[in-house]
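Chain by chain, the residues run as shown.
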Amino acid sequence: MRVSTITPSKTMKFTNDTLGYSKYNLYWPLLFASIILLNCTNNTPPLNVSLNLEVTGQESQLLTTNSDGWLELDVTSNKIALKKISAMTANLNTELEIKITSFSETPQDLIPPPVKEIYQYIQIDHEKVPSDEISFVTIQFEIRNDWINSNGYSERDVSLEIYTDKWTPLPTIRINGNDSVSKYECRSPSLSLFAITLDKPTSRLTRITETLIKEYSNSQSEKSTLLKTPTPTPIP
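Residues numbered from 1 in each chain as written. Predicted model: local features only at pLDDT ≥ 70, side-chain atom pairs only at ≥ 80, totals over all residues. Heavy atoms only, no water.

### Brief notes about the overall build of the chain
Reasoning step 1: Looking only at helices and strands, the chain has three helices and 12 strands in total.
Reasoning step 2: In the chain, which comprises 236 residues, the proportion classed as buried is 46%.
Reasoning step 3: Counting only contacts in the chain whose residues sit at least 6 apart along the sequence, the fraction spanning at least 24 positions is 75%. (Helix = DSSP H or I, 4+ residues; strand = E, 2+ residues; numbered from the N terminus. Buried < 20%, exposed > 50% of the residue type's maximum accessible area, 1.4 Å probe, protein only. Contact = heavy atoms within 4.5 Å.)

### Some details on the pattern of salt bridges
Pairing is possible between side chains that carry opposite charge, provided their charged atoms lie close to one another.
Reasoning step 1: For the coordinates displayed, the defined rule picks out six salt bridges.
Reasoning step 2: With a shortest N-O distance of 3.0 Å, Arg-207 and Glu-161 are connected by a salt bridge. Separated by 46 residues along the polypeptide, Arg-207 in helix α3 (residues 201-227) and Glu-161 in strand β8 (residues 158-163) bring together distant segments of the chain.
Reasoning step 3: Note on Arg-207: relative accessible area 14%, which makes it buried.
Reasoning step 4: Through salt bridges with shared partners, a single network forms among Glu-72, Asp-74 and Lys-84. (Salt bridge = Lys/Arg side-chain N within 4 Å of Asp/Glu carboxyl O.)

### Thoughts on unusual backbone geometry
Reasoning step 1: Phi angles above zero are rare outside glycine, and Phe-136 is one such case at about 50°.
Reasoning step 2: Tracing the backbone through its elements, the reader meets Phe-136 in strand β7 (residues 134-144).
Reasoning step 3: What makes Phe-136 exposed here is its relative accessible area of 58%.

### Some words on the packing of aromatic side chains
Reasoning step 1: Following the criterion strictly, the structure yields four aromatic pairs and no others.
Reasoning step 2: Taking 5.4 Å as the distance between ring centres and 15° as the angle between the ring planes, the aromatic pair formed by Phe-141 and Tyr-184 counts as stacked. One end of the pair, Phe-141, is in strand β7; the other, Tyr-184, is in strand β11 (residues 181-188), and 43 residues separate them in sequence. The same class applies to Phe-141 as to Tyr-184, namely buried.
Reasoning step 3: In textbook terms, an aromatic cluster arises when at least three aromatic residues are bridged by ring pairs, as seen for Tyr-121, Tyr-163 and Trp-167. (Phe/Tyr/Trp six-rings, centres within 6.5 Å; stacked < 30°, edge-to-face > 60°.)

### What to know about the environment of Trp-167
Reasoning step 1: With respect to the helices, strands and loops of the structure, Trp-167 is situated in strand β9 (residues 167-170).
Reasoning step 2: Here the alpha-carbon distance between Trp-167 and Leu-193, two residues 26 residues apart in the chain, equals 9.4 Å.
Reasoning step 3: If we ignore the near neighbours within four places in the chain, the residues touching Trp-167 are Ile-111, Pro-112, Pro-113, Tyr-121, Glu-161, Ile-162, Leu-193, Phe-194, Ala-195 and Arg-207.
Reasoning step 4: A distance of 2.7 Å separates a polar side-chain atom of Trp-167 from the backbone oxygen of Ile-111. (Polar contact = N/O pair within 3.5 Å; in protein donor to acceptor, adjacent residues only side chain to side chain.)

### A few points about the side chain of Asp-157
Reasoning step 1: Along the polypeptide, Asp-157 turns up in the loop between α2 (145-150) and β8.
Reasoning step 2: Look at Asp-157 and you get buried, because its relative accessible area is 0%.

### A short note on the environment of Thr-209
Reasoning step 1: Considering the arrangement of structural elements, one finds Thr-209 in helix α3.
Reasoning step 2: For Thr-209, a relative accessible area of 35% translates into the label partly exposed.
Reasoning step 3: In this structure the side chain of Thr-209 is engaged in a polar contact, spanning 2.8 Å, whose partner is the backbone oxygen of Leu-205.

### Observations regarding the confidence of the model for the chain
Reasoning step 1: Of the residues in the chain, 68% have a pLDDT of 70 or more, and the chain-wide mean is 76.
Reasoning step 2: Averaged pLDDT values for the elements of the chain fall to 39 in strand β1 (residues 2-5) and rise to 95 in α2.
Reasoning step 3: Predicted confidence for residues 1-24 stays below pLDDT 50, and this span has 58 contacts to residues more than four positions away or in other chains.
Reasoning step 4: Residue range residues 42-47 is modelled with pLDDT below 50. Its contacts to residues more than four positions away, or to other chains, number 13 contacts. (pLDDT = per-residue confidence, 0-100.)

### With respect to the pairing of strand β4 (residues 82-89)
In summary, the side chains of a regular strand alternate between the two faces of the sheet.
Reasoning step 1: Direction of pairing for strand β3 (residues 70-74) relative to β4: antiparallel, over a ladder of five bridges. Along β4, the bridge assignment pairs Trp-70 with Met-88.
Reasoning step 2: Pairing geometry for β4 and β7, over six bridges, is antiparallel. Across the sheet, the residue bridging to Lys-84 is Gln-140, located in β7. (Pairing = 2+ DSSP bridges.)

### Points about the sheet that holds strand β10 (residues 172-177)
Reasoning step 1: In spatial order, the strands read β3-β4-β7-β11-β10; together these five strands make up an open sheet with antiparallel pairing. Strands with a single pairing partner mark the edges of an open sheet, and in this sheet they are β3 and β10. Strand-to-strand twist in this sheet, taken as the mean axis angle between neighbours without regard to direction, amounts to 15°.
Reasoning step 2: Sheet analysis places β10 next to β11, joined by five bridges and oriented antiparallel. Along β11, the bridge assignment pairs Ile-173 with Glu-185. (Axes fitted to C-alpha atoms, helices over the stretch in contact; angles between N-to-C directions.)

See below:
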């Protein structure tokens, strides 16, 4: 376990090169649709997802947030695809432990993301700080290019997905890489269970849009039920 002092994270940069699929004009629709969908869902991380699963990598770090509430850590394990995590907390100068675990399969009682290929599942646990006090999360991760190419996809088809009460793709950008690996970055509303997946940007946008329509329809049905006036009971 390492003890680290936290420094503020760098601002994510958006350029035509790093957006990967920006020329297809899909990044920003994905971004806005994901934000709306995540605001409509339960952001409570699932509990005990690591039970009875094969752990492929695990790392814990004891961190101290700085005076602005920022925390940042570098993941050193080569068994975990995540390489850097930064976030803002409501707690200043607070010590907390972050545990990152990667799994070889889908956690029990959860439906996997509706994609053909999943690179890795990763759970980020944290103590002492409630989930609703963590925000502005930025995650960087790396995956092998040969895995992407062998499955018939390209670098722009990689996405990080978060599990709340459903799987939601997070807008993901390729920030750099080489012939062997590609490095990505994305923003997340919280620290939770994640999956690195392969899917076409158009398919991800379709998934988010369909889920948004379903969420809206359900909310309207609930509202309609609440607004219905009960039929008065006739007086004999």
